[in-house]
Amino acid sequence: MSNPQTFSMIRPTTKTPFHIDFEWWQHHDSNWRVYLFDFLCPEHQKAFEDKAEVWIDHVDPQTAEVHRVDGLQHTLMSHCAKQPDFLLRETSLINKIFKLLLANGNRPMTPEEMSPLVGRPAEVILRTLSGPQVYHGIRPYKS
């Protein structure tokens, strides 16, 4: 797990990339699967409604590394987030950013890149994401 102090020393700008740190989230929010479940498409909500955790092997298309990932998280990112109406549903700024990162395969994005896609100024996104509270594991990306 990343050292929390590493992130606290970074002073993010509108050019700082952010991503969803799923490891952080899983350690800090016991309801993370419930939150993800709400973003599943209706077809996959039915498929996952009676399932506890399902783990699958995922092959990274760029590195060919195999990672064990949560099946719900993988399904959300590989199918549900790709549906045409996924980003269109009305929601809070944090949820829009979270959904945008999911739809982009959790590829790190800067507030400048996010701005036109969520309809808010990059500075507002930066202030929201760089405050003292970490929302849904969205943190600066540290390569």
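One structure accompanies this document, and this report is about it. Predicted model only: the values in this text are computed from it and were never measured. (Residues numbered from 1 in each chain as written. Predicted model: local features only at pLDDT ≥ 70, side-chain atom pairs only at ≥ 80, totals over all residues. Heavy atoms only, no water.)

## A short note on the overall build of the protein
Basically, it comes down to this: Counting from the N terminus, the helices are DSSP H or I runs at least four residues long and the strands are E runs at least two residues long. Each radius of gyration reported is based on C-alpha atoms, and the globular scaling rule is 2.2 Å times the count of residues to the power 0.38.
Secondary structure assignment for the protein yields eight helices and four strands. For the protein, the N- to C-terminal ordering of α and β elements is α-β-α-α-α-β-β-α-α-α-α-β. The C-alpha atoms of the protein give 15 Å as radius of gyration, which agrees with the globular expectation for 143 residues (15 Å, within 12%). Across its three principal directions, the C-alpha atoms of the protein cover 40 × 35 × 30 Å.

## So, the nonpolar core
To be explicit about the condition: In these notes, a set of buried Ala, Val, Leu, Ile, Met, Phe, Trp, Tyr and Cys residues joined through side-chain atoms within 4.5 Å is what counts as a nonpolar core. A simple rule labels every residue: compare its accessible area, found with a 1.4 Å probe on the protein chains alone, to the largest value its type can have, and call it buried under 20%, exposed over 50%, or partly exposed in between. When checking whether two residues touch, look at their non-hydrogen atoms; a contact exists if any pair is within 4.5 Å.
By size, the foremost hydrophobic cluster in this structure holds 34 residues, and its most contacted members are Ile97, Phe98, Leu102 and Met114. At the level of secondary structure, the elements contributing two or more residues to this core comprise β1 (18-20), α2 (22-28), α3 (32-37), α5 (71-78), α6 (93-103), α7 (111-118) and α8 (122-129). Element by element, the count of residues in this core is highest for α6, at eight residues. Ignoring anything within four residues of it in the chain, the contact list for leucine 102 reads Ile20, Phe22, Leu76, Met77, Ala81 and Phe86.

## Here we look at the packing of α6 against α8
Keep this limit in mind: Convention adopted: a line fitted to C-alpha atoms gives each axis, helices being fitted over their contacting stretch, and angles between N-to-C directions are expressed from 0 to 180 degrees. When an angle is under 35 degrees it counts as roughly parallel; over 145 it counts as roughly antiparallel; between 65 and 115 it counts as roughly perpendicular; any other value is oblique. Gly is placed with the polar residues, together with every amino acid not listed as nonpolar (Ala, Val, Leu, Ile, Met, Phe, Trp, Tyr, Cys and Pro) or charged (Asp, Glu, Lys and Arg).
One way to put it is that α6 packs onto α8 with a least axis distance of 11 Å and a crossing angle of 95°. One finds that α6 runs roughly perpendicular with respect to α8. Contacts from Leu93, Ile94 and Ile97 in α6 reach Val124, Ile125, Thr128 and Leu129 in α8. Here the residues of the contact of α6 with α8 are counted per class, giving six nonpolar, one polar and no charged.

## A few points about the packing of α7 against α8
Put simply, the test is: Rotating anticlockwise by less than a right angle from the far helix to the near helix defines a left-handed crossing, while the corresponding clockwise rotation defines a right-handed one.
At a closest axis distance of 8 Å, the pairing of α7 and α8 adopts a crossing angle of 115°. Taken together, the axis directions place α7 and α8 in an arrangement best described as roughly perpendicular. As α7 packs across α8, the resulting crossing turns out to be right-handed. Contacts between α7 and α8 involve Pro111, Glu112, Met114, Ser115 and Val118 from the former and Ala122, Ile125, Leu126 and Leu129 from the latter. When its residues are assigned to classes, the contact of α7 with α8 shows seven nonpolar, one polar and one charged.

## Focus: the side chain of threonine 110
By the element assignment, threonine 110 lies in the loop between α6 and α7. For threonine 110, a relative accessible area of 12% gives the class buried. Setting aside residues up to four positions removed in sequence, threonine 110 forms contacts with Thr14, Lys15, Thr16 and Pro17.

## Brief notes about unusual backbone geometry
Keep in mind that most residues, glycine aside, have a negative phi and that most peptide bonds are trans. One non-glycine residue, asparagine 106, lies in the positive phi region at around 65°. You can see asparagine 106 is positioned in the loop between α6 and α7. Phi at histidine 136 takes a positive value of approximately 50°, unusual for a residue other than glycine. Counting through the fold element by element, histidine 136 comes out in the loop between α8 and β4 (138-140).

## Some thoughts on α7
Quick reminder of the rule: By definition, the arc is the one covered by directions from the helix axis to the C-beta atoms.
Looking at α7, one finds that the buried residues are Pro111, Met114, Ser115 and Val118. Down the axis, α7 shows its buried residues gathered within 115° of arc, on one side only. Opposite the buried face of α7, by more than 90 degrees, sit the exposed residues Pro116 and Leu117. Tucked inside the fold, the buried residues of α7 contact β1, α6 and α8. Downstream of α7 by a residue or two, glycine 119 has a phi angle that is positive, lying close to 75°.

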